[in-house]
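# Structure assessment
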Amino acid sequence: MQTVLSGIRSTGNLHLGNYYGALRNFIKMQDQYNCYFFVADYHSLTTHPDPKMLHENVKNVLTEYLAAGLDPEKSTLYVQSDIPEISELYLLLNMHAYMGELAKTPSFKEKARKQPENVNAGLLTYPVLQAADILIHRADFVPVGKDQEQHIELTRKFGRRFNNFYGVEFFPEPQAFNFGTNLIKIPGLDGSGKMGKSEGNCIYLKDDPKTIEKKVKRALTDQGPTEHNQEKPECIENLFTILRVVSTPEVVGYFEEKWNTCEIRYGDLKKQLAEDIIAVTSPIRERILAIENDNDYLHKVAKLGAEKARESASKTLNAVREIMGFKAF
Ligand code: TYM
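Residues numbered from 1 in each chain as written. Predicted model: local features only at pLDDT ≥ 70, side-chain atom pairs only at ≥ 80, totals over all residues. Heavy atoms only, no water.

### What to know about the side chain of T105
Position of T105 relative to the elements: it lies in the loop between α4 (99–103) and α5 (106–114). In this structure T105 comes out as buried when scored by relative accessible area, which is 5%. Contacts of T105, omitting those with residues within four sequence positions, involve P127 and L154. (Helix = DSSP H or I, 4+ residues; strand = E, 2+ residues; numbered from the N terminus. Buried < 20%, exposed > 50% of the residue type's maximum accessible area, 1.4 Å probe, protein only. Contact = heavy atoms within 4.5 Å.)

### Observations concerning unusual backbone geometry
Backbone geometry places R138, a non-glycine residue, at a positive phi of 50°. Note that R138 resides in the loop between α7 (126–135) and β4 (141–143). Of note in the backbone geometry, C262 takes a positive phi value of approximately 60° without being a glycine.

### Some points on the packing of helix α10 (residues 234–246) against helix α11 (residues 249–260)
Two elements in contact, α10 and α11, have axes whose closest approach is 10 Å; the angle formed by their N-to-C orientations is 160°. Taken together, the axes of α10 and α11 are roughly antiparallel relative to one another. Crossing geometry of α10 relative to α11 is assigned as left-handed. Across the interface between the two elements, I236, F240, L243 and R244 of α10 pack against V251, V252, F255, E256 and W259 of α11. (Axes fitted to C-alpha atoms, helices over the stretch in contact; angles between N-to-C directions. Parallel < 35°, antiparallel > 145°, perpendicular 65-115°, else oblique. Left-handed = near helix turned anticlockwise from the far one by under 90°.)

### Side note on the site of the ligand
Taken together, 27 residues are adjacent to the ligand, and R9, Y126, D133, D147 and I186 come closest. Within the contact set of the ligand, a nitrogen atom lies 2.8 Å away from a side-chain nitrogen or oxygen of Q130. A distance of 2.7 Å is found between a nitrogen atom of the ligand and a backbone nitrogen or oxygen belonging to I186. Alone, the ligand offers 700 Å² of accessible surface; in the complex the protein occludes 98% of this. Of all the elements in the fold, those that place two or more residues in the shell around the ligand are β1 (3–9), α1 (16–29), β2 (34–40) and α7. It is β1 that contributes the most residues to the shell around the ligand, five residues altogether. Looking at side-chain class alone, the shell around the ligand contains 12 nonpolar, 10 polar and five charged residues. (Near = heavy atom within 4 Å. Polar contact = N/O pair within 3.5 Å; in protein donor to acceptor, adjacent residues only side chain to side chain. Areas by Shrake-Rupley, 256 points an atom, 1.4 Å probe, with all protein chains shown as cover. Nonpolar A, V, L, I, M, F, W, Y, C, P; charged D, E, K, R; others polar.)

### Comments concerning the domain arrangement of the protein
When the parts come together, some accessible area is lost, and that loss is often what is quoted as the size of the interface. Split into domains, the protein comes out as domain 1 (3–185 + 295–324) and domain 2 (209–289). If you look at the interface, domain 1 gives eight residues, while domain 2 gives 10 residues. Between the two partners, domain 1 and domain 2, sit one residue pair in polar contact (both at pLDDT 80 or more). Of all elements in the fold, only α1 and α2 (51–68) reach the threshold of two or more residues within the side of domain 1 that touches domain 2. Counting residues per element, the side of domain 1 that touches domain 2 draws most heavily on α2, which supplies four residues. Of the residues that constitute the side of domain 1 that touches domain 2, the class distribution is five nonpolar, one polar and two charged. (Domains from an automatic or database assignment.)

### Concerning the packing of aromatic side chains
Applying the stated rule across the entire model yields 13 aromatic pairs. Taking the centre distance of 6.1 Å and the plane angle of 70° together, the rings of F26 and Y65 count as edge-to-face. Placement of the pair is F26 in helix α1 and Y65 in helix α2, with a sequence separation of 39 residues. Neither residue differs from the other here; F26 and Y65 are each classed as buried. Seen from their ring centres, Y254 and F255 are 5.0 Å apart, and the 90° between their planes marks the pair as edge-to-face. Among the aromatic residues, those joined into a ring-pair cluster are F162, F165, Y166, F170 and F171. (Phe/Tyr/Trp six-rings, centres within 6.5 Å; stacked < 30°, edge-to-face > 60°.)

### A short note on the environment of P106
Checked against the element boundaries, P106 lands in helix α5. The exposure class assigned to P106 is partly exposed, which follows from its relative accessible area of 42%. Separated by 62 residues in sequence, P106 and S44 have C-alpha atoms that sit 18 Å apart.

### Section: the packing of α11 against helix α12 (residues 266–291)
The geometry of α11 relative to α12 is characterised by a closest axis approach of 11 Å and an angle of 165° between their N-to-C directions. When the interaxial angle is binned, α11 and α12 end up roughly antiparallel. Handedness of the α11/α12 crossing: left-handed. Residues V251, F255 and W259 of α11 touch α12, and the partners they reach there are Y266, D268, L269, Q272 and D276. Classifying every residue of the contact of α11 with α12 by side-chain character gives five nonpolar, one polar and two charged.

### Thoughts on the side chain of T281
Within the secondary structure, T281 is located in helix α12. Beyond its immediate chain neighbours, meaning those up to four positions away, T281 contacts L16, Y204, L205 and I212.

### Brief notes about the pairing of β2
Most of β2 sits out of view: six of its seven residues are buried. When β1 meets β2, the two strands line up parallel, connected through seven bridges. The partner of R9 across the bridge, within β2, is A40. In this view, the connection linking β1 to its parallel neighbour β2 by way of α1 has right-handed handedness. Examined bridge by bridge, β2 and strand β3 (residues 76–79) share four bridges and lie parallel to one another. By the bridge assignment for β3, F38 is matched with Y78. (Pairing = 2+ DSSP bridges. Right-handed = clockwise from strand over helix to strand, strands pointing away.)

Structure representation (structure tokens):
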């Protein structure tokens, strides 16, 4: 059976971008594949989070994984920092990752621009840690959103380089995965870019219906179309992009038609959009509220996940150590 792996950074609550870019696919894949899904808490350290919030954020992601439908019996659900083998593989892979290539990674450049006062080495080697996450279970598929494509490409490069350097066929080449279609990007409600925690333009799975209505109502729009079949400006295209993932084709068709004939009323579009988002998030939110304080359950899930993940991870790490020439006395 082929292996699937993916993770989400623990920097807060999960939003619609995380859900449609990644989490929904995790849920769909767990019946057909050998799945590993984890909470990327080490990756959250590059921004120096408040230690008081660290565990809370890990707990949020684990809770929301479960609430959205990940099944700890079917998949291996774990916390990255519970698996020391990942850190060791990261160290080993770092010896074959080069300053130049890491420094020119677009995600590094972007983060360095955003936090010029804290361009730490963890930020530079972020893709190596991500490669270690993926290669430690020798994953074949990695369900992710569009923004992670380059990291998966780098993982393939590091895996290939390891294989070539040591003359082995050990690491498979993992592919970014979205059920045969293009990886997606969910835009924010502020008219540009992607929905993201640091952009402050998110709808969270945990938002209550009133909050969602308010956020959608406030989304940026323009004056409206003046010519039939006019191209949509980015802020309107963004609302349609979200509508396409949460609504039925009929609803999307209806509003497309209204746009094309210049009869669209943004108030109606937003009302429908909010309603359809609420229909998706409400059942998840209810389950979040039901399990977020069940520490025994969360503890059990994390413990079981760590056991299963370490079993697989230690097999890979032992093989890597042997390939590289480590021997016990
Ligand atoms: P992170 O935590 O930023 O995002 C988690 C997942 O959500 C997707 N995503 C989006 N997809 C579509 N539209 C959006 N607006 C949007 N925002 C986020 C991301 O593409 C991602 O799939 N480095 C990773 C975490 C990670 C990882 C890994 C992922 C660490 N190790 C190994 C896969 C495999 C990250 O920061 O994702």
